[in-house]
Amino acid sequence: MSEGTAKKEEKPRKFQAIRGTRDLLPPETALWNRVEQTAHQVFASYGFGEIRLPIFEATDLFARSIGAETDVVSKEMYTFDGSAEFYARFREKRVVGTLSEMLPEEVISLRPEATASVCRSYIEHNMQQWPQPVKLYTFGPMFRRERPQKGRYRQFYQIDAEVLGGSDAPGIDAELIEMVMTFFERLGLEGVELDINCIGDKKCRPKYVELLRAELRKVKDKLGPDSQRRIETNPLRVLDSKLENEQKLIEGMPHIADHLCEECAENYRGVKKELELRGVKYRENWRLVRGLDYYSRTTFEITAKGLGSQNAVCGGGRYDGLMELLGGPPTRATGFAIGEDRLILSLQEAGKTAAPQGRDVYIAWMGEKAYATAIDAAKNLRAAGFSVELPPVEQKFGKALGQADKLGARYALILGDNEVASGEWTLKTLASGEQAKFTEASLLEFLRKGKMGSS
Ligand code: HAM
């Protein structure tokens, strides 16, 4: 082939994170770690234990618990055919089978939330035999195919806590809410506001929903297409509308609080009293309905500052009927999930970033003998809890100090032939330029004191 006819070399494809997903990079990940560490501490102090769950489950688990008609299940799940035949076919033909060829029991979805999985696990491991209630929490990525925007991602992270079993004593709901408020306070989250509501149970809610539907039908023509559709599919969701021109009409609708059965009303009064006992400030919001079907009685949402329209950092509530719906024993339950991405965003907006993670010590070594000493020194310093950078190739002294500076190192440990021979090492404090000589033991002691002074 002559040069003239040679095909232009194709540029390799440039890969980017899929829309709605993102990489979390240092130093931001230090803040994620601080948030998660604080959650471990606070939740453990309330007697919660950590559970780790699979990231995909049977699609049917989510359809049954969250509700087949909800946006999450009907529009937003990432669903696959998990069957062996499907993968064999895929490998052979390099084609993807059509949806109708899938075997229903083999269809799996990336989890859009964690509550359904926690319940599945409670049933699967007979946790009703454990001392009740069982208090569990979990962290991890969730997946919803929503329109990405600030604070809304297709892969996002939740910190989820659930109380399963035991009674429906209002103290359980109130303590759970107290726990999340304590967690937010510990992190210094700003502008935290708690909204609560009671959405009744299977005895009283259906009557209210019918009443609401009838009232909404009367004004149907004045509502937008989404609300019009929801009058039939899920009238409670109309109350959630943010459309300006619908607000006045919605304000005139009957309130659920006036249609609760006596047990629900009594329980709701109890939850409010318990919150007051605990000094937790709340706002009652009769229009707070949640986007998932499994709730009954107390529901809540927490908003925070600096998040724009996606300002809910936490949502939760009681879901007493769910376990039975999944084939388990009748089990009372309540829980919440925090949107960790939003929590981090709000902390960042308020300037609460974690301190950048600089190195404690940069080892500037010169010469083969010094390298062997430097390797040992790095190992010992790291074992003592210091962050150490050991350059893998010899550098000129000036370059080494420049590199130490760029990495934000606090000290440079200078190791050359003289230092190795005398056993007296030189430590330079980079901010002040001061230098001093130390033996390895006295160096450790000096650094330890410095660390205590700086923390
Ligand atoms: P949820 O209200 O669907 O509830 O989600 C809880 C929180 O997750 C939201 O308040 C929000 O902070 C965050 N979140 C949801 N979707 C996204 C997204 N696309 N991007 C970023 N953050 C998001 C539940 O998931 C229930 N499982 C909570 C629960 C636990 N109820 C009882 N137990």
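Engineer: Go over the pattern of salt bridges with me, naming the residues and quoting the values.
Structural biologist: Considering all chains together, one arrives at 35 salt bridges under this definition. A salt bridge links E175 to K135, with the shortest nitrogen-to-oxygen separation between them at 3.8 Å. Linking E175 in helix α6 (residues 170-187) with K135 in strand β5 (residues 134-143), this pair joins segments that are 40 residues apart in sequence. Taking relative accessible area as the criterion, E175 reaches 30% and is therefore assigned partly exposed.

Engineer: Which residues make up the packing of aromatic side chains, and what are the values?
Structural biologist: Enumeration according to the criterion identifies 12 aromatic pairs in this entry. Both rings, one in Y294 and one in Y319, keep their centres 5.5 Å apart while their planes meet at 55 degrees; by these two values the pair is tilted. One end of the pair, Y294, is in the loop between β8 (283-284) and β9 (298-303); the other, Y319, is in the loop between β10 (312-318) and α11 (322-325), with 25 residues separating them in the sequence. As far as burial versus exposure is concerned, Y294 and Y319 are alike and both buried. Following the ring pairs from residue to residue traces out a cluster consisting of F43, F48, Y137, F139, F183, F184 and F336. The ring of Y153 carries R22 above its face, with NZ or CZ at 4.0 Å from the centroid. When the ring centre of Y268 is taken as origin, the NZ or CZ atom of K272, which lies over that ring, is 4.2 Å away.

Engineer: Give a description of the sheet that holds strand β15 (residues 425-429) that names residues and reports values.
Structural biologist: Spatially, β13-β12-β14-β15-β16 is the arrangement adopted by the five strands of the open sheet, whose pairing is mixed. With one partner strand each, in any of the chains shown, β13 (388-389) and β16 (435-438) form the two edges of the open sheet. For strand β12 (residues 361-365) and β13, the ladder comprises two bridges, and the chain directions are parallel. From the neighbouring strand, V361 faces β13, where its bridge partner is V388.

Engineer: Talk me through the packing of α6 against helix α10 (residues 262-277); I want residue IDs and the actual numbers.
Structural biologist: Packing of α6 against α10 leaves a shortest axis separation of 8 Å and a crossing angle of 45 degrees. If you check the angle between α6 and α10, you find them oblique. Handedness of the α6/α10 crossing: right-handed. Of the residues in α10, those in contact with P170, G171, D173, A174 and I177 of α6 are N267, G270, V271, E274 and L275.

Engineer: Explain empty space enclosed by the protein to me, and be specific about the residues and the numbers.
Structural biologist: If you walk through the whole model with that rule in mind, you get one cavity of 30 Å³ or more. Around the largest cavity, the lining residues are D360, F386, R410, Y411, L447, G450 and K451. Looking at which element gives the most residues to the lining of the largest cavity, the answer is helix α16 (residues 440-454), with three residues. Broken down by class, the residue content of the lining of the largest cavity amounts to three nonpolar, one polar and three charged.

Conventions and cut-offs
- One numbering rule holds for all chains: residues counted from 1, following each sequence as written.
- The predicted origin of the model limits local features to residues at a pLDDT of at least 70 and limits the giving and counting of side-chain atom pairs to 80 or more, whereas totals for whole chains, interfaces and linings rest on all residues.
- The basis for the side-chain values is all heavy atoms of the structure; hydrogens and waters are excluded.
- By definition here, a salt bridge exists when the distance from a side-chain nitrogen of Lys or Arg to a carboxyl oxygen of Asp or Glu is within 4 Å.
- Helix numbers and strand numbers start at the N terminus; a helix is a DSSP run of H or I with at least 4 residues, a strand a run of E with at least 2.
- Burial classes follow relative accessibility: with a 1.4 Å probe on protein chains only, a residue under 20% of its type's maximum area counts as buried, one over 50% as exposed, and anything between as partly exposed.
- Note on aromatic pairs: the rings of Phe, Tyr and Trp (six-membered ring only in Trp) are paired at centre separations within 6.5 Å, and the planes decide the class, stacked below 30 degrees, edge-to-face beyond 60, tilted for the rest.
- Comment: the charge-over-ring label is applied if NZ (Lys) or CZ (Arg) is within 6 Å of the ring centre and within 35 degrees of the ring normal.
- At least two bridges found by DSSP between two strands is the condition for calling them paired.
- Angular values range over 0 to 180 degrees, each being the angle between N-to-C directions of two axes fitted as lines to C-alpha atoms, with helices fitted over their stretch in contact.
- Here the angle decides the label: under 35 degrees means roughly parallel, over 145 means roughly antiparallel, 65 to 115 means roughly perpendicular, and every other value means oblique.
- By the definition used in this description, the sense in which the near helix is turned from the far one sets the handedness, with an anticlockwise turn below a right angle giving left-handed and a clockwise turn giving right-handed.
- Throughout, a residue-residue contact means that at least one pair of heavy atoms, one from each residue, lies within 4.5 Å.
- A 1.4 Å probe that fits into a set of points on a 1 Å grid over the protein atoms alone but cannot get out defines a cavity; an open set with protein on both sides within 12 Å along at least five of seven lines defines a pocket, and lining residues are those with an atom within 4 Å of a point.
- Grid points are joined across faces, edges and corners, and a volume is the space filled by probe spheres set on the points.
- All residues other than Ala, Val, Leu, Ile, Met, Phe, Trp, Tyr, Cys, Pro, Asp, Glu, Lys and Arg, Gly among them, are scored as polar; the first ten of these are nonpolar and the last four charged.

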